[in-house]
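# Observations on the model geometry
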Amino acid sequence: MTFLRLKDLLDEIKGVYAAIKHKSGFLGVPTEPTRLIYQRKVSVPVEDLPADWRKTLRRLEIEGEYSVEILGRMKARLGMFAWSAQRAGHPLDLADTPALRALYEDMRARSIKRQQEQAQKKDLNDDIDEPRWSYQRSTWEELRRFAWAHGLPENVCDKLSVTYKHLDGKERQQAALKLAKAKEAGTRPELLKKAEAMLTKAETLKLPQMRHALRNRAAVIALGCAVPARPADVQAHHVFGAGITFEPTRNGYLFRYYARKTAGSTGAKIDIPLQPWWNKFIDPLILQDDDPRYLGQLRANAMAEKRPLYVQYDDTPAVYAWYSRMWKIVAGTGGHIARTLIRDQTGAAAVRVANELNGHKPGSPTARKYESDDLKKALIRDGQDGMVVFLGEDDYDEDEDDDLWLLAGR
């Protein structure tokens, strides 16, 4: 008996050694550039902007009034303005109308071209002659924000504001692209079924790197339905021992952090305790084919080491673009769509849940942007149903709390 136990132990050690050796020599994960490393095509780098502009940008970074995402977008838009102005032979001056017009036309053409290319890939009608106005509206929003911070004359700021308001009006008239994509992506219950199917299929795959990849993908979709985070927050905060902790008394994981984009006045703290049902998507990412009896120790190690939730088979952290790419494979669009899907449920309780999960203040402009026509109609219907109850109808169906299954498990 002693010999057999020793033989089992040696076999287990050999198996662990083989797995480690395979991982260390694995070359199947492509080394892609991160979000911050890319080849510029339609903008100039920050270091090529005017010195006084760079000084203002640096001051804004130090003051911390704007989030990292807003400052990043501001720098990018200024770089685009500089690129378009220089290419058209105009000065780098936000008061120069021809320079601004050059940026406007360049962005308009790029937006139309991108929509046409996407339509062609899907064999859809590519007769598109209108840009996505949100692209240009957000650009003038940042130019206007920078102009005020930079201390430009009031008439210059006013001119930028006029264009911004014009573009904002056009955007409001244009059906939100994210809502159309949400309908194509499917509902959250449908996506959760896909995630569960992927998790089951992963156990049937022979190659460990394929099992690992499919478990990662299943977790991305499932957790995106429960914690609809921005890709930047996934990379920054979905980390064991930091934004993700484990509460033994509940036998569940807790996602708690401040969303990066909401450093100002528009957001709220993300505080989402997941019920044990969701463990089946997270635990396998910790175990990585190890015996479940080691889960406690491996989880403690991941927490102590501040290990990212999503790592590749060779233990390197998943790059920024990876999260949205997984969503696109399964749902046909990037990871941001989860933040729209979370709002397409009926009932006042669902609205409250959506605001909590997205980190949005109720009634804020950001929250309203995510609300689809279906949700608006449902809210109106809920109000009418409430009146029916008040009038004493017997056939009223109270389903306001149906969406709470998401937080409580099934």
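Before reading further, recall that the structure is shown in the block above.
The structure displayed is predicted, hence computed values, not measured ones. (Residues numbered from 1 in each chain as written. Predicted model: local features only at pLDDT ≥ 70, side-chain atom pairs only at ≥ 80, totals over all residues. Heavy atoms only, no water.)

Our focus in this paragraph is the pattern of salt bridges. A complete count under the given rule lists 19 salt bridges for this structure. Here Lys75 ties to Glu61 by a salt bridge, and the two come within 2.3 Å at their closest N and O atoms. Residue Lys75 is found in helix α3 (residues 68-87), and its partner Glu61 is found in helix α2 (residues 51-63); the two are separated by 14 residues along the sequence. In this structure, Glu196 engages Lys280 in a salt bridge whose closest nitrogen and oxygen atoms are separated by 2.5 Å. Residue Glu196 is found in helix α8 (residues 188-202), and its partner Lys280 is found in helix α11 (residues 279-287); the two are separated by 84 residues along the sequence. Classification of Glu196 by relative accessible area gives partly exposed; the value is 21%. Residues joined by salt bridges that share partners form a network here, namely Arg73, Arg137, Glu141, Glu142, Arg145 and Glu171. (Salt bridge = Lys/Arg side-chain N within 4 Å of Asp/Glu carboxyl O. Helix = DSSP H or I, 4+ residues; strand = E, 2+ residues; numbered from the N terminus. Buried < 20%, exposed > 50% of the residue type's maximum accessible area, 1.4 Å probe, protein only.)

This part covers the packing of α2 against helix α5 (residues 133-150). Close contact between α2 and α5 brings their axes to 10 Å; oriented N to C, the two are set at 95°. Considering the angle they form, α2 stands roughly perpendicular to α5. Every residue of α5 that contacts α2 at Asp52, Trp53, Thr56, Leu57, Arg59 and Leu60 is listed here: Phe146, Ala149 and His150. Each residue belonging to the contact of α2 with α5 can be placed in one class, and the counts come to 5 nonpolar, 2 polar and 2 charged. (Axes fitted to C-alpha atoms, helices over the stretch in contact; angles between N-to-C directions. Parallel < 35°, antiparallel > 145°, perpendicular 65-115°, else oblique. Contact = heavy atoms within 4.5 Å. Nonpolar A, V, L, I, M, F, W, Y, C, P; charged D, E, K, R; others polar.)

Before going further, it helps to spend a moment on unusual backbone geometry. For Gln288, which is not a glycine, the phi torsion comes out positive at approximately 50°. Here Gln288 shows up in the loop between α11 and α12 (295-305). In this model, Asp289 sits at a positive phi of 80°, which is unusual for a non-glycine residue. Structurally, the position occupied by Asp289 is in the loop between α11 and α12.

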